[in-house]
Amino acid sequence: MKAFISIKYHADHRNRERIEAISSALEEGGYQTVCIVRDVEKWGRVQLSPDALMTRTFEEIDSSDLVVIDLTEKGVGVGIEAGYAHAIGIPVVVIARKGADISKTLQGISHAVYWYEGWDELRELVKGDGAGAGKSGPERANRRSN
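**Focus: the confidence of the model for the protein chain**
- Taken over all residues, the pLDDT of the protein chain has a mean of 86, while the share at 70 or more is 86%.
- Put simply, strand β6 (residues 143-145) is where the protein chain has its lowest mean pLDDT, 35, and helix α3 (residues 50-62) is where it has its highest, 98.

This is the structure:
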């Protein structure tokens with residue numbers, strides 16, 4: 001199973017630790033992961049035109065079984081990726097640190113929304129039910145499914 005990780009882009013990669021923690025948690029749950037800034041742009045070593053970047057992003061989403069949206073920080077690209085995945089029928093799962101603002105629109109297209117405080121809690125959520133992608137597991141109070 002492949003999970004596409006969507007997260008706000010920062011040119012200085014200040015959220016690299018978050019990307020790696022999300023990826024690690026998903027990989028522990030049995031997913032292969034892809035994140036554009038890490039795997040395609042190689043942390044800034046590879047530059048793509050905006051058109052090439054979005055084409056490659058959509059290709060990666062097309063080949064994924066699940067799109068995991070980290071909405072701890074909002075970003076336009078994150079919304080585009082979520083909407084695209086939903087439009088082509090790929091489950092969208094939203095994760096965010098407790099207290100983050102998740103729009104009702106994004107909640108409306110999400111298979112599940114998970115709130116977490118730290119990486120350990122995130123790992124347990126992912127291991128507990130496969131990031132909400134339809135695998136069985138314990139119900140959690142901080143999960144909302146459609």
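**Examining the side chain of D70**
- With respect to the secondary-structure elements, D70 resides in strand β3 (residues 66-70).
- Separated by 3.1 Å, the side chains of D70 and Y116 make a polar contact.

**Some words on the pattern of salt bridges**
- Here the structure, examined in full by the defined rule, presents nine salt bridges.
- Residues K2 and E60 are paired through a salt bridge, measuring 2.7 Å at the closest nitrogen-oxygen approach. Remark: E60 occurs in helix α3 and K2 occurs in strand β1 (residues 2-6); sequence separation between them is 58 residues. Summarising the burial analysis for this pair, K2 and E60 share the class buried.
- Put simply, R38 and D39 hold a salt bridge, and the shortest N to O gap is 2.8 Å.
- Bridged by salt links that share partners, the residues K2, R56 and E60 form one connected network.

**With respect to the packing of aromatic side chains**
- For the structure on display, the rule yields two aromatic pairs.
- On the basis of an interplanar angle of 35° and a centroid distance of 5.9 Å, the ring pair of Y116 and W119 is categorised as tilted.
- Sitting above the plane of the W119 ring, R97 keeps its charged end 4.8 Å from the centroid.

Definitions and limits used
Along each chain, residues carry numbers from 1 onward, in the same order as the chain's sequence is written. Per-residue local features of the predicted model are confined to residues with pLDDT of at least 70, and side-chain atom pairs are confined, for both listing and counting, to 80 or more; whole-chain, interface and lining totals are unaffected and use all residues. With hydrogens and water stripped out, all remaining heavy atoms of the structure feed into the side-chain values. Confidence of the prediction at every residue is given by pLDDT, a number between 0 and 100. In this description a helix means any DSSP run of H or I spanning at least four residues, a strand means any run of E spanning at least two, and both kinds are numbered starting from the N terminus. Pairing of N or O atoms within 3.5 Å defines a polar contact, subject to two protein rules: one partner must be a possible hydrogen donor and the other a possible acceptor, and residues neighboring in sequence count only if both atoms are side-chain atoms. Think of a salt bridge as a Lys or Arg side-chain nitrogen and an Asp or Glu carboxyl oxygen that are within 4 Å of each other. Working definition: with a 1.4 Å probe on protein chains only, accessible area under 20% of the residue-type maximum means buried, over 50% means exposed, and in between means partly exposed. Classification of ring pairs rests on two measures: the distance between centres of Phe, Tyr or Trp rings, Trp counted by its six-membered ring, which must be within 6.5 Å, and the angle between planes, read as stacked under 30 degrees, edge-to-face over 60 and tilted in between. Whether a charge lies above a ring is judged from NZ of Lys or CZ of Arg, which has to be within 6 Å of the ring centre and within 35 degrees of the ring normal.

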